[in-house]
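# Topology and contacts: notes
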Amino acid sequence: MLRTEAKLLWTLLRGQPRSGSLKRRLEGFYAPQASRYDNFRERLLHGRAEMLAALELAPGQRVLELGGGTARNLEFYANLIPKLASVQVVDLCGPLLTQARHRCARWTNVYVTEADATVFRPPEQVDRLYFSYALTMMPKWRKAIDNAWQMLKPGGMLGVVDFYVSGPPPTPGERVHHWLTRQFWPRWFAHDGVYLEPERLRYLMQRFEVLILQEDSGSIPYLPGLCVPYFQLIARKPDMPLSRQSVYGITQ
Ligand SMILES: C[S@@+](CC[C@H](N)C(=O)[O-])C[C@H]1O[C@@H](n2cnc3c(N)ncnc32)[C@H](O)[C@@H]1O
């Protein structure tokens, strides 16, 4: 137990490989920790259950997770899965998908697919789509958000939970983080290929109609007393395109 935890900490300290394709970098980072991934992330990835509860999953829906990793999030709504039309879990990282396939073998309507979130397309548009701590690991995050838009039905809902820091000029409606928070966490996480710039949240708010934005901060294993900011967003793909000036005053 202690040995495996130490091994996992070592892979985090070593960070994500700097060269090679995104798939190679993700696999280099996650392969040594895949079997311990869920246990450690339970203490790090806050707000996932809450985001999924707010997403209002309901019988008959098609649900898609982009960057779904080990498919851990499906456990949060496991009782509902047999009543859903389908659940699709998409990720680029082979070793995490192996864990996902073991987990999902008990469901006949869950599909685990190895693909890049920026280009993947399901056979039909979906009712609910979510990113859980995945956008911060996607270098082409704008493309992933644009692709999510295309995959959602009009009126469909998007859920996102992720780390972030606010910009120096705050977006109206957003918290303003202390200068030290804005300097420390982006540097700390970048080592593991996780990027916390405020632009992701801004772009999401610009692209979708925001229903709920909740900002909070959560503890980090082995860093007592320190908390990292994260947000939960529930948004809707409008039936009609949003006007150039959204309710948050961000010009597209
Ligand atoms: C921090 S993990 C989160 C996993 C899972 N969503 C969770 O909440 O436990 C981020 C995931 O995003 C995946 N990922 C990063 N870039 C990706 C891309 N372009 N396409 C698909 N998956 C990607 C990684 O392989 C990893 O599994």
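Residues numbered from 1 in each chain as written. Predicted model: local features only at pLDDT ≥ 70, side-chain atom pairs only at ≥ 80, totals over all residues.

Within the protein chain one finds eight helices and seven strands. Considering the protein chain as a whole, with its 252 residues, one finds that 35% of them fall into the buried category. (Helix = DSSP H or I, 4+ residues; strand = E, 2+ residues; numbered from the N terminus. Buried ≥ 20, exposed ≤ 12 C-beta atoms within 10 Å, placed from the backbone.)

A word on the site of the ligand. Near the ligand, the surroundings consist of 23 residues, among which Gly67, Gly69, Cys93, Ala117 and Ser132 are the closest. Mapped by element, the contributors of at least two residues to the shell around the ligand are α2 (22–30) and β2 (86–91). Residue composition of the shell around the ligand, by class: twelve nonpolar, six polar and five charged. (Near = placed C-beta within 6 Å. Nonpolar A, V, L, I, M, F, W, Y, C, P; charged D, E, K, R; others polar.)

Strand order in the open sheet formed by seven strands is β3-β2-β1-β4-β5-β7-β6, and the pairing between neighbours is mixed. The sheet is open, and its two borders are formed by β3 (110–114) and β6 (209–219), each paired with just one other strand. Each neighbouring strand pair of the sheet contributes to a mean axis angle of 15°, computed without reference to strand direction. Bridging between β6 and strand β7 (residues 227–236) involves ten bridges; their strand directions are antiparallel. Following the sheet pairing, Asp216 is matched in β7 by Tyr230. (Pairing = 2+ DSSP bridges. Axes fitted to C-alpha atoms, helices over the stretch in contact; angles between N-to-C directions.)

Listing the buried residues of helix α6 (residues 141–151) in full gives Trp141, Ala144, Ile145, Ala148 and Met151. Along the axis of α6, the buried residues cluster in a sector spanning 120°; they form a single face. Contacts made by the buried residues of α6 are with β1 (62–66), β4 (126–132), β5 (152–163) and α8 (199–207). (Arc of directions from axis to C-beta. Contact = placed C-beta atoms within 7 Å.)

Following the sequence through the fold, Tyr203 ends up in helix α8. Owing to 17 C-beta atoms within 10 Å, Tyr203 belongs among the partly exposed residues under this scheme. For Tyr203 and Asp146, which are 57 residues apart along the polypeptide, the C-alpha to C-alpha distance reads 9.8 Å. Setting aside chain neighbours within four positions, we find Tyr203 in contact with Arg142 and Ile145.

So, on to the nonpolar core. Counting residues in each nonpolar core, the largest one holds 58 residues, and the members touching the most others are Leu66, Val89, Leu129, Ala144, Ala148, Leu158 and Val160. Here this core takes six residues from β5, the largest share from any one element. Setting aside residues no more than four positions away along its own chain, Leu158 makes contact with Leu129, Tyr130, Ala148, Leu152, Phe208, Ala235 and Lys237. (Core = buried A, V, L, I, M, F, W, Y, C linked by C-beta atoms within 7 Å.)

We now examine the packing of α6 against α8. Taken N-terminus to C-terminus, the directions of α6 and α8 make an angle of 25°; their axes are 11 Å apart at the nearest point. Considering the angle they form, α6 stands roughly parallel to α8. The two elements α6 and α8 meet at a crossing, and its hand is right-handed. Between α6, through Trp141, Arg142, Ile145 and Trp149, and α8, the contact on the second element is made entirely by Arg200, Tyr203, Leu204 and Arg207. Here the residues of the contact of α6 with α8 are counted per class, giving five nonpolar, no polar and three charged. (Parallel < 35°, antiparallel > 145°, perpendicular 65-115°, else oblique. Left-handed = near helix turned anticlockwise from the far one by under 90°.)

Let's shift gears to the environment of Pro221. Note on placement: Pro221 falls in the loop between β6 and β7. What makes Pro221 partly exposed here is the crowd of 14 C-beta atoms within 10 Å. Between the alpha carbons of Pro221 and Phe40 there is a distance of 8.1 Å; along the sequence they are 181 residues apart. When neighbours within four sequence positions are excluded, Pro221 is seen to be in contact with Phe40, Arg43 and Leu44.

The next thing to look at is α8. Where α8 is concerned, the buried positions are Arg200, Leu201, Leu204, Met205 and Arg207. Where α8 is buried, its residues touch α6, β5, β6 and β7.

A positive phi is found at Ala71, a non-glycine position, where the angle reads about 65°. Along the chain, Ala71 falls in the loop between β1 and β2. On the basis of neighbour count, Ala71 is assigned to the buried category, with 23 C-beta atoms found within 10 Å.

Here we take up the environment of Ala85. Relative to the elements of secondary structure, Ala85 occurs in the loop between β1 and β2. The exposure class assigned to Ala85 is partly exposed, which follows from the 13 C-beta atoms found within 10 Å. Sequence-wise, Ala85 and Gln61 are 24 residues apart; in three dimensions their C-alpha atoms are separated by 5.3 Å. Not counting the four nearest positions on each side in its chain, Ala85 is found in contact with Gly60, Gln61 and Arg62.

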